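Structural features, examined
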Number of protein chains: 2
Amino acid sequence: MNQPLQNDTFLRACLRQPTEHTPVWLMRQAGRYLPEYKATRVKAGNSFMGLATNVQYATEVTLQPLDRYPLDAAILFSDILTVPDAMGLGLSFGAGEGPKFAHPVRDEAAVAALQSPDLDKLRYVFDAVTSIRQALNGRVPLIGFSGSPWTLACYMVEGGGSDDYRLVKTMLYGRPDLMHRILAVNAQAVTAYLNAQVEAGAQALMVFDSWGGVLADGAFQRFSLDYTRRVVQGLKREKDGQRIPVIVFTKGGGPWLQDIADCGADVVGLDWTVNLERARAQVGGKVALQGNLDPNVLFAPPDAVAREARAVLDAFGRPQRADGAWDGHIFNLGHGISQYTPPEHVTALVEAVHAHSRALRRPM
Amino acid sequence: MNQPLQNDTFLRACLRQPTEHTPVWLMRQAGRYLPEYKATRVKAGNSFMGLATNVQYATEVTLQPLDRYPLDAAILFSDILTVPDAMGLGLSFGAGEGPKFAHPVRDEAAVAALQSPDLDKLRYVFDAVTSIRQALNGRVPLIGFSGSPWTLACYMVEGGGSDDYRLVKTMLYGRPDLMHRILAVNAQAVTAYLNAQVEAGAQALMVFDSWGGVLADGAFQRFSLDYTRRVVQGLKREKDGQRIPVIVFTKGGGPWLQDIADCGADVVGLDWTVNLERARAQVGGKVALQGNLDPNVLFAPPDAVAREARAVLDAFGRPQRADGAWDGHIFNLGHGISQYTPPEHVTALVEAVHAHSRALRRPM
C-alpha cells in the first residue's frame, strides 16, 4: 500500500499550481559523484547494468541522494537504452566506455526485423519502480523515464555513442523510409514502456530527447518531435485520481521551444543556453519549465554555486503572475550532473534554491 | 600586383548587394575528404602543421577545392590555434588526435604571464595569405580567419579538446577575473592577427566562435560575445578602397542570434539548427547570413544532397525583398565538412546551389 505524499511540491509545479518553494531535483542525481553510489556499484560487480537490473541495488542508489539532500523528487535508476536492449540489440557497457550494441540496426533487413519488445523482458525495470516507490514511503514523488524514439534510434543505428551521427543521418537523409519505420516501432515501444512504469508506481514521466539537438531545423520536427508527440499522446495521464505529469527534455532544443511546448507535455526541460525569462514569456502560460543551470557551475566554490542558482531563479522570476495565476518552474541542471562534482557543492545548490525561491515568493 | 576579382559574388552577398546567384563555399573545404589534399599532406611529412607552416603547401591545398568545384571563395589554410601557439603554449597534433598544448593556462601565474604574441612568430600565416592571394590571381576572394577569444581560451585552459569544458568553466565561474584577463589578451592578439592578414591580402575575415555554444545564456554574452565584439570593432574594414566584410560564426549560437547580429559584423554564420526563414526575418535587414546545411547531408546520395540544398535556399527565400532591397545569403555548411564526405557529393551540392539560386532570382 502506497503512502500519501509528504512533499508534492514537484507535482504541483509540474501542473502550474501554487508552491511554497521551487522544487529541485538533478538529472543523474544517483550517480558516480556520490561515494555511497560507488560503494553499491562495487557490490554489483562494478557494473552499471548490474545495478540497474537488480531491484535491491536500483532502489538503494535511487534513494541515496535523497538521504544526503532535501531533493523534491526521486528518479528511477535505470538507463535510457533498456528498450533497444529488450528488442534484442545486445546492450553492453565496456570498462570506462559508453554503451555499445552488438547488433546495430543499419540495413533494410535489420529494420524490417525490428519489433516493439515483449514487456516481460523489461520486468526488472517495473519491479524496480514498485520497489523504489515503496521505499520512498511517500517522501517525494517518483519519476519514471525513457529515451525518446529519435534518441534511441541514434544509438540503435550508430551502435553506441557518436561524435558526428554520421550513420544515423546518412540513413535519415538517404533512406528516410527506414528511419521512419524505426521511429514508429520505437514510439510504440516507448509508449508501452512508460505506461507500464505508471502501472508499477511512477508518479511522473520524463522523455529524454538527449540527441534531438543534433538535428537540423525541419528534420528535428519530422524525425524527433513528431514521434515524441506520438508517445506523449499515448500515455496514461491519470492514476488513482492523480494526474501523471509528463516532462519532455530536448538537449539543444532551445531553437524549437514553441514547437516542443505544443507536443502535449506538461513540462518542457531546458538546457543552459536558453534564456529562462524569454522562454517563460513564450510558453510559460502553457507548460511548466524545468532547468536550467549549467552542471559545470557545480565545479565552482559553494558561494559561486549559490549565486548562479539564484540567477536561474531570478531569470524565471516570481512564479505567481500579476494576474494571480501561477507558472511552473522546476529547478534542475541543463544536463546530467558530472561524476567529478564535489558532493558538498550540491548541498549549497539545494539550499540556495530552497531559500531563494522562498524569498522570491514573499510579498514585495 | 593583385589582379582585379573575376568573381566577387561572395563579397557582394556579404555586403547585401545584388548577386546573380547565391555564393557558396564550405568550411574546411581544403581537407581530408580530398585525395589531392592527402597527397600534399604526405609530402609535408603527414603533419597538419607541416602543411600550415609551409607557404607552398598551404597555397597548394587552399586552391585544391577551387580546381575541383566552382566555389565562390577561398579560405586561408591554417589552424585556429596559431595564436596561442605563438603565445608560447606549445601546440602539437598527436597522430589521429586533436590539438594539444604543452603549457595550458590554468593558474594565476600562467594567466599573469600571458601576453599578446609577437606577430613575427605568425609570419608564416601572413606569407601564406600573400602567396594564396597571388596564386588565386583574382579568381575568387580570399577569406582570412581566427578563432574567437573565448574559443581560444577554451583550448588554452583545457590544453586541448574537451567533452565537458570542466576546467575552463571552473575558472569562468570560480575565478572570473582570471578568465576576463585571458579573454582581454586574446581579443588584443586576435585583432592584431586579423588586421595583419588584411595587410597581407585577405579580402574578408571570419571569426570562428566554435565553442561559444557551450556557454550558458548570460555567460555567452559576457565571456564570448563581448570579446568578439571587441575584436570586430578593432578591425580594419577597408583596404585599397574595398570594404573587408567580417563574418562571425558561433556554433550553437542560434539562441543569441539577435545579440550576435549587433556585434558589428557584416555576416552572421548559422548552424543547421537555425530556421533560416525566421533568422532572416529577425536580422536579415541588418546582416547577411551564412549557412546552414547539416554537413551530414553530404553522406546521402547526390539527389538527396541537391534536394536538401534547395530546401536551405528556399528557407532563406528570394534575396531581393519586395521593396527592392537585397538581403545577403552565403551558402555554407553549418560546420566543417567531414573527412568521410564523398567528393562527388560536393559537386552535386555546388551545382544545386548555383542552379537553384539562379532560378530563385528569375521574375515570378
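About the thresholds
Residues numbered from 1 in each chain as written. Chains lettered and ligands numbered in written order. Predicted model: local features only at pLDDT ≥ 70, side-chain atom pairs only at ≥ 80, totals over all residues. Helix = DSSP H or I, 4+ residues; strand = E, 2+ residues; numbered from the N terminus. Rg over C-alpha atoms; globule rule 2.2 N^0.38 Å. Buried ≥ 20, exposed ≤ 12 C-beta atoms within 10 Å, placed from the backbone. Contact = placed C-beta atoms within 7 Å. Core = buried A, V, L, I, M, F, W, Y, C linked by C-beta atoms within 7 Å. Pairing = 2+ DSSP bridges. Least-squares fit on C-alpha atoms with pLDDT ≥ 70 in both. pLDDT = per-residue confidence, 0-100. Axes fitted to C-alpha atoms, helices over the stretch in contact; angles between N-to-C directions. Parallel < 35°, antiparallel > 145°, perpendicular 65-115°, else oblique. Nonpolar A, V, L, I, M, F, W, Y, C, P; charged D, E, K, R; others polar. Expected span 1.5 Å × (residues − 1).

So, about the overall build of chain A. Of the regular secondary structure elements, chain A holds 15 helices and 11 strands. The globule rule puts the C-alpha radius of gyration for 364 residues at 21 Å, and the 20 Å found for chain A is close to it. By residue count, 55% of the 364 residues in chain A fall in the buried class. Within chain A, contacts between residues at least 6 apart in sequence are counted, and of these 72% link residues at least 24 apart.

This part is about the nonpolar core. As a rule of thumb, soluble globular proteins bury nonpolar side chains together. Membership of the largest hydrophobic core comes to 250 residues, with the highest contact counts inside it found for A:Ile143 and B:Ile143. Ignoring anything within four residues of it in the chain, the contact list for A:Ile143 reads A:Ala73, A:Ala74, A:Ile75, A:Leu76, A:Ala202, A:Ala204, A:Leu205 and A:Met206.

A word on the sheet that holds strand S4 (residues 142-147) of chain A. If you trace the 7 strands from one edge of the open sheet to the other, you get S1-S4-S5-S8-S9-S10-S11 (chain A), paired in parallel fashion. Looking at the sheet topology across the chains shown, the edges are occupied by strand S1 (74-75) and strand S11 (329-333) of chain A.

A regular strand carries its side chains on alternate faces of the sheet. All names here are of chain B. When you tally the buried positions in strand S5 (residues 204-209), you get 6 out of 6 residues, the bulk of the element. Here S5 shows a buried face lined by Ala204, Met206 and Phe208 and a second buried face lined by Leu205, Val207 and Asp209. When strand S4 (residues 142-147) meets S5, the two strands line up parallel, connected through 5 bridges. Paired with Ile143 across the strands is Ala204, a residue of S5.

As a further point, take the relation of the copies chain A and chain B. The relation between the two copies of this chain is a rotation about an axis and a shift parallel to it. The transformation that overlays chain A on chain B combines an axial shift of 0.0 Å with a rotation of 180°, and the residual RMSD is 0.0 Å. What the superposition gives is, in effect, a two-fold axis relating one chain to the other. Nearest to the rotation axis, the C-alpha of A:Pro255 is located 3.2 Å from it, this being the minimum over chain A. A high fraction, 100%, of the interface residues of chain A reappear at the interface in chain B, so the copies pair face to face through one surface.

With that settled, consider the confidence of the model for chain A. For chain A, per-residue confidence averages 96 on the pLDDT scale, and 99% of positions sit at 70 or higher. Scoring of the predicted complex yields 0.96 for pTM and 0.93 for ipTM.

With that settled, the discussion passes to the packing of helix H8 (residues 149-158) of chain A against helix H9 (residues 166-174) of chain A. Residue and element names in this part refer to chain A. Two numbers describe how H8 lies on H9: the axes approach to 8 Å, and their chain directions differ by 110°. Relative to H9, the element H8 is oriented roughly perpendicular. Listed contacts from H9 to Ala153, Cys154, Val157 and Glu158 of H8 are Leu167, Val168 and Met171. Of the residues belonging to the contact of H8 with H9, the class tally is 6 nonpolar, no polar and 1 charged.

On to the environment of A:Pro301. With respect to the secondary-structure elements, A:Pro301 resides in the loop between strand S10 (288-293) and helix H14 (302-316). With 47 residues separating them in the primary sequence, A:Pro301 and A:Ala348 have C-alpha atoms 9.3 Å apart.

This brings us to the pairing of strand S5 (residues 204-209) of chain A. As defined by bridge partners, S5(A) adjoins strand S8 (residues 246-250) of chain A across 5 bridges and the pair is classed as parallel. Across the sheet, the residue bridging to A:Val207 is A:Val248, located in S8(A).

So, on to the interface of chain A and chain B. Listed by partner, the interface residues are 27 residues for chain A and 27 residues for chain B. Within the residue set of the side of chain A that touches chain B, elements represented by two or more residues are H9 and H14 of chain A. The element that contributes the greatest number of residues to the side of chain A that touches chain B is H9(A), accounting for 5 residues. A breakdown of the residues in the side of chain A that touches chain B according to their chemical character gives 12 nonpolar, 9 polar and 6 charged.

In this section: H8(A). Residue and element names in this part refer to chain A. Most of H8 sits inside the fold, with 10 of its 10 residues counted as buried. Of all the positions in H8, only Pro149, Trp150, Thr151, Leu152, Ala153, Cys154, Tyr155, Met156, Val157 and Glu158 are classed as buried. Immediately beyond the C-terminal end of H8, within one or two residues, lies Gly159, with a positive phi of roughly 85°.

Turning to unusual backbone geometry, a few remarks are in order. Residues and elements named next belong to chain A. With an omega of -5°, the peptide bond running from Gly291 to Asn292 counts as cis. Relative to the helices and strands, Asn292 is located in strand S10. Non-glycine residue Arg16 carries a positive phi angle of around 60°. Among the structural elements, Arg16 can be located in the loop between helix H1 (9-14) and helix H2 (35-43). The class for Arg16 is buried, based on 21 C-beta atoms found within 10 Å.

In this section: the sheet that holds strand S11 (residues 329-333) of chain B. Residues and elements named next belong to chain B. Pairing is parallel in the open sheet, where 7 strands are placed in the order S1-S4-S5-S8-S9-S10-S11. The strands lining the two open edges of the sheet, one partner per strand, are strand S1 (74-75) and S11. Bridge count for strand S10 (residues 288-293) against S11 is 5 bridges, and the pairing is parallel. The partner of Leu289 across the bridge, within S11, is His329. On the sheet, helix H10 (residues 176-200) packs against S4 and S5 and is oriented at approximately 165° with respect to S4.

Turning next to H10(B). Look at H10(B): 36 Å from first C-alpha to last across 25 residues, which is about the 36 Å you get at 1.5 Å a residue. Phi turns positive one or two residues past the end of H10(B), at B:Gly201, with a value near 135°.

On to the environment of A:Met87, then. Residues and elements named next belong to chain A. With respect to the element layout, Met87 can be found in helix H5 (residues 82-89). Met87 sits 68 residues away from Thr19 along the chain, and the two C-alpha atoms are 41 Å apart. Leaving out residues up to four positions away in the same chain, Met87 has contacts with Leu114, Gln115 and Pro117.

Attention now goes to the environment of A:Arg123. Residue and element names in this part refer to chain A. Residue placement: Arg123 occurs in helix H7 (residues 123-136). Among the residues examined, Arg123 registers 14 C-beta atoms within 10 Å and is labelled partly exposed. Remark: the alpha-carbon pair of Arg123 and Glu238, spanning 115 residues in sequence, is separated by 22 Å.

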